[in-house]
Amino acid sequence: MRRTIIAGIGHYVPEHVETNDDLSQVMETSDAWIRERTGIQTRRFADKHKETPASMGAKAAELAIERAGIAKEEVDFIIFATLSPDYYFPGSGVLLQRELGLSETEIGALDIRTQCTGFIYGLTVADQFIRSGMYKNVLLVGAEKHSMGLDFTTRGRNVSVIFGDGAGAALLQATEDGQRGILASCLHSNGRYAEILSMINPGSHGGYHHEKLGLEADFGYESGRYMPIFVTEKMLSDAQLFPYMDGPAVFKFAVQKFPAAIVEVLEKAGLEPSDLDLLVPHQANLRISQFVQKKLRLRDDQVYNNIQRYGNTTAASIPIALSEAWEEGRVKEGDVVCLAAFGSGFTWGANLLRW
Ligand code: UT7
């Protein structure tokens, strides 16, 4: 039976370390508040002009490709997950292809927009391509440069202290081993909660969704057939060009859906939480990971967390954590590993694999 394995994994984080104390210089927050509510101690911030999701993704990808023992020219498909793309369009996938010097191969590049669940969606899509035989070496990248788009004033503190920059990558191949590979996956979403964690401007919605929901909101649009409504001065002055998050509402859903997704893939594979060698949860908030660990009665050595050092890197968080866990020898051949995520959309899901 053909299954998909992660043949190589790699990550890259920018050099600059931003501490909680650094943030408390520019907004009303404190190291104590951030640590207590999120577990985060530091995060990395990319160089504004010299690093992007595509360039950081390329560095992580080079490592994943090297560790898989193939030449980069053998990559036959790219999947790129990010919510902070280099450009509004085209997607970062083609920019990554160019960064890797693979433009002339003309391989396909698919961008995935499922935010924190991007790596899980990407891995599940890649799994279908590999098991069907359509592609042999799929490169999956999750990368974010949040630092460019956050509100670093007290107004935005509930969001801006959480997020960090970085990239992770996996090189996926087929195996006929019979034991190893992706055993089960699940993907979910519930669009009812789309705006709870969102950045709706700039966008082409023109207020449509809010009107339909009966919500009164002023998005700073200027009306008129040819008025500039995509980005306006008012959007800038009202801070509508920053992410919005109802943190407690996200927290409440996350602690329900994370364990449900993990149990779903375990059940599909006929396994129990106690069979897990390692759970690598999306690094949203250390308190969420701890809640999930307790609910599933997992030991400390069964869960990997590194949010303390990197903050929440959205689509990059699972591959960065998985790559670090692998480097530390926490993931070995034959281990049962679960990857799980929850985030904006809402979207959530999990993959269960035997390494
Ligand atoms: O990848 C998925 C994405 N997101 C998540 O998973 C986030 C899930 N949610 C969370 O992690 C938490 O809700 C947060 C960490 C975002 C916030 O923690 P909380 O315990 O839910 O705080 P809160 O939003 O209920 O705010 C409590 C207080 C408020 O002050 P008042 O109204 O009680 O006076 C906030 O204004 O904390 C204040 N606050 C802050 N204080 C210092 C909010 N952000 C900060 C801050 N520093 N950075």
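Model, not experiment: these values are computed from the prediction. (Residues numbered from 1 in each chain as written. Predicted model: local features only at pLDDT ≥ 70, side-chain atom pairs only at ≥ 80, totals over all residues. Heavy atoms only, no water.)

Moving on, we come to helix H10 (residues 286-295). Residues of H10 that are buried include every one of Leu286, Ile288, Ser289, Val292 and Gln293, and no others. Down the axis of H10, the sector holding all buried residues measures 160°, keeping them to one side. With respect to the buried face of H10, the exposed residues turned more than 90 degrees away are Lys294 and Lys295. N-cap assignment for H10: the residue whose side-chain oxygen lies 2.7 Å from the backbone N of arginine 287 is asparagine 285. Downstream of H10 by one or two residues, arginine 297 has phi in the positive range, about 55°. (Buried < 20%, exposed > 50% of the residue type's maximum accessible area, 1.4 Å probe, protein only. Helix = DSSP H or I, 4+ residues; strand = E, 2+ residues; numbered from the N terminus. Arc of directions from axis to C-beta. Polar contact = N/O pair within 3.5 Å; in protein donor to acceptor, adjacent residues only side chain to side chain.)

The next point concerns the domain arrangement of the chain. One can read the domain layout of the chain as domain 1 (3-175), domain 2 (181-193 + 245-354) and domain 3 (200-241). Across the contact, 46 residues belong to domain 1 and 44 residues belong to domain 2. Between domain 1 and domain 2 the total buried area reaches about 3500 Å² when both faces are included, carbon and sulfur atoms providing 63% of it. Broken down residue by residue, the surface that domain 1 buries against domain 2 is led by His11, Cys116 and Ile120, which jointly contribute 17%. Across the domain 1-domain 2 interface, the total number found is one salt bridge. The salt bridge involving arginine 67 is made with glutamate 327; its shortest N-O contact spans 2.8 Å. (Domains from an automatic or database assignment. Contact = heavy atoms within 4.5 Å. Buried area = accessible area lost by both parts, 1.4 Å probe. Salt bridge = Lys/Arg side-chain N within 4 Å of Asp/Glu carboxyl O.)

Counting residues in hydrophobic clusters, the biggest one holds 41 residues, and the most contacted among them are Ile262, Leu276, Leu279, Cys338, Phe342 and Leu352. Every element with two or more residues in this core is listed here: strand S8 (181-189), helix H9 (247-268), H10, strand S12 (336-343) and strand S13 (347-354). For this core, the element with the most residues is H9, which contributes nine residues. When residues no more than four places from it in sequence are discounted, the contact partners of isoleucine 262 are Leu276, Leu279, Val292, Leu296, Cys338, Ala340 and Ala350. By size, the runner-up hydrophobic cluster in this structure holds 32 residues, among which are Tyr121, Ala325, Val331 and Ala341. (Core = buried A, V, L, I, M, F, W, Y, C linked by side-chain atoms within 4.5 Å.)

Near the ligand, the surroundings consist of 22 residues, among which Thr29, Arg37, His282, Asn285 and Asn312 are the closest. Within the side chain of tryptophan 33, one N or O atom sits 3.3 Å away from an oxygen atom of the ligand. Within the side chain of asparagine 285, an N or O atom sits 2.6 Å from an oxygen atom of the ligand. Starting from 950 Å² of accessible surface for the ligand in isolation, the protein chains cover 71%. Looking at the shell around the ligand, the elements that each hand over two or more residues are helix H2 (31-38), helix H6 (157-160) and H9. Considering every element that reaches the shell around the ligand, the biggest residue donor is H9, with four residues. Looking at the shell around the ligand residue by residue, the classes come out as twelve nonpolar, seven polar and three charged. Three or more residues apiece are contributed to the shell around the ligand by two domains, here domain 1 (3-175) and domain 2 (181-193 + 245-354). (Near = heavy atom within 4 Å. Areas by Shrake-Rupley, 256 points an atom, 1.4 Å probe, with all protein chains shown as cover. Nonpolar A, V, L, I, M, F, W, Y, C, P; charged D, E, K, R; others polar.)

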